[in-house]
Structures are given as C-alpha cells and as structure tokens.
Amino acid sequence: MPSDQTTPDFSIKPTLTGEWVILRPFVDDDLDTFRAAVADPEVARLTGSPADDAPDEERLRSWYGSRNAQTDRLDLAVVDRATGACVGEVVLNVRVYEKVGFVVEGVLRQVLRDGDDWVDATVMSILAPECAAHRGHPERRGS
C-alpha cells in the first residue's frame, strides 16, 4: 500500500476456493440471489436497511455492478461448490480495518435501528502517519 494512502486497497478482487464454497467477484448472473436477499425483511434488519426500501431493478444492478470497482471494501459472491449456485455475499470492511491498523475511537450508543430495538455503531479511524509507518501491516511498526 502506498504510504500516502490511508485505507486498504481492495482494487484487486481475488477468487478464494474453500472446501465448500468459492468466494469470487460478482457477475450478472448473481443478481437473482441478491434480488431475493434484499426482499427478505430479516436481511434488511441485519444490514440496517429500511425494510420498506427494497431497491428497484435498476438500483440493484447499479449497486452490485459497482462492487467490483470499489477499492475501499471487498465484496465477494459466495458460491456453493457442489452446485455452482451463488448463495450470498461476503463483505470485508469491519475486522479488516483493525487488521490494517484502524483503531476504535468510540461507540455511538443506540444510533442504529434494528427492528424495534436500537443498536450501537463503532467509530474507527487511522491517522495518515500511522498508516505510512506500517503500510497496512501493523505488526511491522517501527521496522
């Protein structure tokens, strides 16, 4: 990671193969899976999305069509190896931040709605000098 960059670079989208699933960049054929997912009230609840704001076809295509171009997060389709079917998605952008040196600054208490409940949100940051010092590898600080 260049020293002037303060966020991880996720411009390269890998394909990761495990025993049961493959994680890979999105393709147009994945849209049916995601269309069903965003229509599910439980998915809306868990992702903090308004339950009554399911995206229309154009917005859905635009959102998932833009995921492979994102450099600040890693969005991958989860594919069942046995069937080849896309069964969901995984997004790396909370724990990944900690691994590359972001620190928790605080917690905004009960700021997000979760059904009838309110949940906390964690605020994280990294300073440019910290990022420059370890270039995305905090275990190398001072080396």
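Computed from a predicted model, the values in this text were never measured in an experiment.

Caption draft 1: Just the packing of aromatic side chains, in detail. Evaluated as defined, the whole model comprises three aromatic pairs. Centre to centre, the rings of Phe26 and Phe34 are 5.1 Å apart; their planes meet at 80°, and the pair counts as edge-to-face. Grouping residues by exposure puts Phe26 and Phe34 together as buried. Ring geometry for Phe34 against Tyr64: centres 4.3 Å apart, planes inclined by 10°, an arrangement best described as stacked. Placement of Phe34 in helix 1 (residues 31-38) and of Tyr64 in helix 3 (residues 57-66) is noted, with a sequence separation of 30 residues between them. Like Phe34, the residue Tyr64 is buried in the burial classification. Of the aromatic side chains, those joined through ring pairs into one cluster are Phe26, Phe34 and Tyr64. Lying over the aromatic face of Trp63, Arg67 brings its terminal NZ or CZ to 3.4 Å of the ring centre.

Definitions and cut-offs
- Residues numbered from 1 in each chain as written.
- Predicted model: local features only at pLDDT ≥ 70, side-chain atom pairs only at ≥ 80, totals over all residues.
- Heavy atoms only, no water.
- Phe/Tyr/Trp six-rings, centres within 6.5 Å; stacked < 30°, edge-to-face > 60°.
- Buried < 20%, exposed > 50% of the residue type's maximum accessible area, 1.4 Å probe, protein only.
- Helix = DSSP H or I, 4+ residues; strand = E, 2+ residues; numbered from the N terminus.
- Lys NZ or Arg CZ within 6 Å of the ring centre and 35° of its normal.

Read these as geometric descriptors, not functional statements.
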